[in-house]
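Understanding the architecture of this molecule
Residues per chain, in single letters:
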Amino acid sequence: MEPACIFCQIAEGGTDTQLVYENRSLVVFRDIRPHAPVHWLVVPRRHIRSVNDLTEADTPLVAEMLNTARMMADRAGIAQSGYKLLFNVEQGGGQVIFHLHLHLLGGWQR
């Protein structure tokens with residue numbers, strides 16, 4: 001855990017953030033600045049700064065993040081209508097919080 005990292009604090013229960021889902025390696029919670037009716041973040045409990053800091057040993061964790069996002073899309077009722085999964089990588093790629101996280105966005109009406 002990085003004490004100054006807000007996502008580490010959330011994952012450790014150090015804030016009042018309501019978790020939508022959690023297991024031993026991940027937490028899921030709502031984005032505080034949503035860009036869609038459903039905008040949740042899938043965040044590993046272990047601090048990994050960015051996609052650029054992943055190693056081959058992290059492959060199972062990334063697969064778990066994707067599978068969890070798929071499961072959460074189903075729970076949110078957006079799996080059939082469609083959704084986006086997004087990693088922002090580094091400042092130039094839009095990353096604001098430097099703790100690996102996957103955005104799950106959906107729920108737009110057509």
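Residues numbered from 1 in each chain as written. Predicted model: local features only at pLDDT ≥ 70, side-chain atom pairs only at ≥ 80, totals over all residues. Heavy atoms only, no water.

Brief notes about the overall build of the protein chain
Basically, it comes down to this: Helix and strand definitions here come from DSSP, where helices need a minimum of 4 consecutive H or I residues and strands a minimum of 2 consecutive E residues; each element is numbered from the N-terminal end. Think of it in three bands: with a 1.4 Å probe and only protein chains considered, a residue is buried below 20% of the maximum accessible area for its type, exposed above 50%, and partly exposed in between. Here, residues are in contact when the closest pair of their heavy atoms is within 4.5 Å. Accessibility throughout is a Shrake-Rupley quantity obtained with a 1.4 Å probe, and a residue counts as covered only by protein chains that appear here. Charged residues are defined narrowly, with Lys and Arg counted positive, Asp and Glu counted negative, and His plus the chain ends left uncounted. In this description, the location of a charge corresponds to atom NZ of lysine, CZ of arginine, CG of aspartate or CD of glutamate.
For the protein chain, the helix and strand inventory stands at 2 helices and 5 strands. Listing each helix as α and each strand as β along the protein chain from the N terminus yields α-β-β-β-α-β-β. Each of the three principal axes of the protein chain carries a C-alpha extent, and together these read 40 × 30 × 30 Å. Looking at the protein chain residue by residue over its 110 residues, the buried ones come to 39%. For the protein chain, contacts bridging at least 24 residues in sequence account for 52% of all contacts bridging at least 6. As displayed, the protein chain offers around 6600 Å² of accessible surface, 50% of which is attributable to carbon and sulfur atoms. Of the side-chain charges in the protein chain, 10 are positive and 11 negative, and the distance between the mean point of each set is 8 Å.

Brief notes about the sheet that holds strand 2 (residues 26–30)
Keep this limit in mind: At least two DSSP bridges between two strands are needed for those strands to be called paired. Every axis in this analysis is a line fitted to C-alpha atoms, fitted for helices over the stretch in contact. Angles between the N-to-C directions lie between 0 and 180 degrees.
The strand order across the open sheet formed by 5 strands is 1-2-3-5-4, and the pairing between neighbours is antiparallel. Both edges of this open sheet fall to strand 1 (19–22) and strand 4 (83–86), since each of them pairs with a single strand only. Recorded for the sheet is a direction-independent mean angle of 20° between the axes of neighbouring strands. Pairing geometry for strand 3 (residues 38–44) and strand 5 (residues 102–106), over 5 bridges, is antiparallel. Paired with W40 across the two strands is L104, which belongs to strand 5.

What to know about the pairing of strand 5
Here is the key point about a regular strand: its side chains alternate between the two faces of the sheet. Across the 5 residues of strand 5, 5 count as buried, placing the element largely inside the fold. Across the two faces of strand 5 the burial is the same, with L102, L104 and G106 and H103 and L105 all buried.

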